[in-house]
Amino acid sequence: MPVERIWVRCPNWVGDMVMAMPLLSALREGFPRALITLGGKPHLKQIPEGSPWFDEWIDLAGPFWQAVGALRRGRFDLALVLPRSFRTALEAKLGDIPERIGFSDQGRGFLLTKRLEPAREPDGSLTPVYNADAYLKLAAAAGCQAANRRIRLFETPEGIARAEAILKDLPRP
């Protein structure tokens, strides 16, 4: 079955969202004709804006069941669940997405169809891993090879105008 509609559950933190940009690039390269939808907290939407690597954004500021309903209406074929929370994996499962890829920690492995084990130390504790590399492992599990792990951000006219407005009000040295 071809992958036509991809859901990416974005991280919840600004820095982690920035580090997800190489994953988005890999997904677009691997699935050039697929509709790629990102979902996350509204304040993160500005980070990937202007990028050619996704098609739409769904704000996830509302209740849990509202997110699940949006996923069901989206009829997604594939989900990449970047946050390592039980809730985000449950959203994808209840959203009727047939293929769900994510890390299996936090007791959520049974909610995923492709589970990646996080790197661990000999004592069982998690090994610190650069998040961009961890996210690229999820892309690889979806069949995408990252051509570039470099983080790229894009400008939009609206973003430039917002930045200029902020800078205008700052005191000059």
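Residues numbered from 1 in each chain as written. Predicted model: local features only at pLDDT ≥ 70, side-chain atom pairs only at ≥ 80, totals over all residues. Heavy atoms only, no water.

Student: When you look at the overall build of the chain in this model, what are you seeing that I'm missing?
Tutor: Broken down by element type, the chain carries 6 helices and 6 strands. Along its sequence from the N terminus, the chain presents helices and strands in the succession β-α-α-β-β-α-β-α-β-β-α-α. Relative to a compact globule of 173 residues, whose C-alpha radius of gyration would be 16 Å, the chain shows 17 Å and is just as compact. Its C-alpha atoms give the chain principal-axis dimensions of roughly 55 × 40 × 35 Å. The burial tally for the chain puts 45% of its 173 residues in the buried class. Excluding contacts between residues fewer than 6 apart, the proportion of contacts in the chain whose partners are at least 24 apart in sequence is 56%. Carbon together with sulfur atoms contributes 54% to the accessible area of the chain, which is approximately 9,400 Å² in total. Counting 24 positive and 20 negative side-chain charges, the chain places the centres of these two groups 3 Å from one another. (Helix = DSSP H or I, 4+ residues; strand = E, 2+ residues; numbered from the N terminus. Rg over C-alpha atoms; globule rule 2.2 N^0.38 Å. Buried < 20%, exposed > 50% of the residue type's maximum accessible area, 1.4 Å probe, protein only. Contact = heavy atoms within 4.5 Å. Areas by Shrake-Rupley, 256 points an atom, 1.4 Å probe, with all protein chains shown as cover. Lys, Arg positive; Asp, Glu negative; His and termini not counted. Charge placed at Lys NZ, Arg CZ, Asp CG, Glu CD.)

Student: Even after reading the chapter, I still don't get the sheet that holds strand E4 (residues 78–81), so can you show me in this structure?
Tutor: Two strands in a sheet stick together by hydrogen bonds in their backbones, pointing the same way (parallel) or opposite ways (antiparallel). Strand order in the open sheet formed by 6 strands is E3-E2-E1-E4-E5-E6, with parallel pairing between adjacent strands. Pairing within the sheet leaves two strands with one partner each, and these edge strands are strand E3 (56–59) and strand E6 (114–116). Neighbour to neighbour, the strand axes of the sheet diverge by 15° on average, direction disregarded. Strand direction decides the pairing type here: E4 and strand E5 (residues 99–103), joined by 4 bridges, are parallel. Pairing of Leu78 across the sheet is with Glu99, part of E5. Helix-sheet contacts for helix H4 (residues 86–94) involve strand E1 (5–9), E4 and E5, and the interaxial angle to E4 is about 175°. Together, E4, E5 and E6 form the strand contacts of helix H5 (residues 131–141), whose direction differs from that of E5 by roughly 155°. (Pairing = 2+ DSSP bridges. Axes fitted to C-alpha atoms, helices over the stretch in contact; angles between N-to-C directions.)

Student: Explanation requested: the packing of aromatic side chains in the structure shown.
Tutor: How two aromatic rings sit relative to each other is set out by the distance from centre to centre and by the angle between their planes. Enumeration according to the criterion identifies 4 aromatic pairs in this entry. Relative to Phe154, the ring of Trp53 lies with its centre 5.1 Å away and its plane at 85°, an arrangement referred to as edge-to-face. Here the residue Trp53 occupies a position in the loop between strand E2 (35–40) and E3, and Phe154 occupies one in the loop between H5 and helix H6 (157–168), the gap between them amounting to 101 residues. In this arrangement the basic side chain of Arg5 is found over the ring face of Phe76, its NZ or CZ atom lying 5.7 Å from the centre. In this structure, Arg84 packs its charged tip against the face of Phe103, placed 4.0 Å from the ring centre. (Phe/Tyr/Trp six-rings, centres within 6.5 Å; stacked < 30°, edge-to-face > 60°. Lys NZ or Arg CZ within 6 Å of the ring centre and 35° of its normal.)

Student: Looking at this structure, I do not really get the environment of Ala140. What am I missing?
Tutor: Tracing the chain through its elements places Ala140 in helix H5. Taking C-alpha positions, Ala140 is 8.5 Å from Ala26, a pair spaced 114 residues apart along the chain.

Student: So what exactly am I meant to see when it comes to a nonpolar patch on the surface here?
Tutor: A cluster of nonpolar side chains, Val129, Tyr130, Ile151 and Leu153, forms an exposed patch at the surface whose accessible area comes to about 320 Å². With respect to the helices and strands, the residue Val129 is situated in the loop between E6 and H5. (Patch = residues over 30% accessible without salt bridge, like charges linked within 9 Å, V, L, I, M, F, W, Y side chains within 5 Å. Salt bridge = Lys/Arg side-chain N within 4 Å of Asp/Glu carboxyl O.)

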